[in-house]
Amino acid sequence: MIEFTSAVLLTSFFAGLLGSLTGLGGGVVIVPALVLLFHVDLRYAIGASLISVIATSSGAAVAYVKEGFSNVRIGMFLEVATTVGAVGGAYLAARVSTRAIGIIFGVTLLYSAWSSFREPHTETNHPPSALAEKLRLSGDYPAKNGSQTYVAENVPAGFGIMFIAGLLSGLLGIGSGAVKVLAMDHAMKLPFKVSTTTSNFMIGVTAAASAGIYLGRGYIAPGLAAPVMLGVLAGSLLGARLLVRIRVPVLRVVFAVVIVALGVEMIYSGATGRL
């Protein structure tokens, strides 16, 4: 038990470190690692990952809100969609076979690897969105040239993509930050820093919505969730400190290779019934 816990703690630490440095979260690494390396049941791995997502989001969200990057109003508005999706995904997890979940997870990993190289949208002037102005989905954030203002666009499209992000989070036990950033950065045309920090603020709430269902069904084992949470949290905190010093492009290549390998293995294991 001590050897198993120590190995899980160390693996979770590196998962949190990689996830923090690339902005995709440790869940995309720790779930397949638990399943493929430690042969943990997929649903228990997802339950442990959800606990770690709540912890890491809570730790980082406070700093981003204080610095003025996260938009709490936009985050809470979009959280309506992600929470509904997360609850639906958690209910589906008990009804969908682990083989199907494994294949979906593999495809999501491949998308995450691709999204780590996707460039943020080019910020240009757009006509104001009437719906965004009515809901007051606007704000400002600190930039080099002073405070920059922005207004959300394509609110219905962003809301719909957020529902999908929540569904994936509840079904797969990940923060689905890549999909959330897609909704805010590319669909709603929010500044990239606002999108990523608001996504970090949101993933904890999304994970908490589905974690309650996993807990009620007995899929959260304290002996597994505790080392995963502590390892991912420690790795994420170290990653936040190293982010300004490490050459991120090189790291993204390494991360993408690992994610693609895990994604292909998850798809293969699901298709051949090994999960």
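Here is what the cut-offs are and how they apply
Residues numbered from 1 in each chain as written. Predicted model: local features only at pLDDT ≥ 70, side-chain atom pairs only at ≥ 80, totals over all residues. Heavy atoms only, no water. Helix = DSSP H or I, 4+ residues; strand = E, 2+ residues; numbered from the N terminus. Buried < 20%, exposed > 50% of the residue type's maximum accessible area, 1.4 Å probe, protein only. Contact = heavy atoms within 4.5 Å. Areas by Shrake-Rupley, 256 points an atom, 1.4 Å probe, with all protein chains shown as cover. pLDDT = per-residue confidence, 0-100. Phe/Tyr/Trp six-rings, centres within 6.5 Å; stacked < 30°, edge-to-face > 60°. Core = buried A, V, L, I, M, F, W, Y, C linked by side-chain atoms within 4.5 Å.

(A) Here's a closer look at the overall build of the protein. A count of helices and strands for the protein gives eleven helices and two strands. Listing the helices and strands of the protein from first to last along the sequence gives α-α-α-α-α-α-β-β-α-α-α-α-α. Across the 275 residues that make up the protein, the buried fraction comes to 48%. Looking at the protein alone, contacts between residues at least 24 apart form 81% of all its contacts between residues at least 6 apart. Put simply, the protein shows about 12500 Å² of open surface, and 66% of that area lies on carbon and sulfur atoms.

(B) Region of interest: the confidence of the model for the protein. Averaged over all residues, the pLDDT of the protein equals 83, while 88% of them reach at least 70. Of all secondary-structure elements in the protein, the lowest mean pLDDT belongs to helix 11 (residues 248-271), at 79, while helix 4 (residues 72-93) reaches the highest, 91.

(C) Structural view of the packing of aromatic side chains. What the rule picks out here adds up to seven aromatic pairs. Summarising the aromatic geometry, the rings of Phe 4 and Phe 38 are spaced 5.8 Å apart at their centres and angled 90 degrees between planes, so their arrangement reads as edge-to-face. In this pair, Phe 4 is assigned in helix 1 (residues 2-22) and Phe 38 in the loop between helix 2 (27-36) and helix 3 (42-67), connecting sequence segments 34 residues apart. Taking the centre distance of 6.1 Å and the plane angle of 50 degrees together, the rings of Tyr 141 and Tyr 150 count as tilted. You can call Tyr 150 buried: its relative accessible area is 9%. Three or more aromatic residues link up through ring pairs in this structure, and these residues are Tyr 44, Tyr 214 and Tyr 219.

(D) View of the nonpolar core. In terms of nonpolar packing, the biggest core is built from 44 residues, with Leu 34, Tyr 214 and Val 228 touching the most fellow members. Core analysis: the second largest hydrophobic core is formed by 18 residues, Ala 132, Leu 137, Tyr 150 and Val 155 among them.

(E) Main features of unusual backbone geometry. Non-glycine residue Arg 136 carries a positive phi angle of around 60 degrees. Inspection of the secondary structure puts Arg 136 in the loop between helix 6 (130-135) and strand 1 (138-143). Relative accessible area serves as the criterion here: at 55%, Arg 136 is assigned to the exposed category. Even without glycine at this site, Asn 154 takes up a positive phi of about 45 degrees. In this structure, Asn 154 sits in the loop between strand 2 (146-151) and helix 7 (155-172). Judged by its relative accessible area of 41%, Asn 154 falls in the partly exposed class.

(F) Layout of the side chain of Glu 79. Checked against the element boundaries, Glu 79 lands in helix 4. Among all residues touching Glu 79, those that are not within four sequence positions of it are Met 202, Val 205 and Thr 206.

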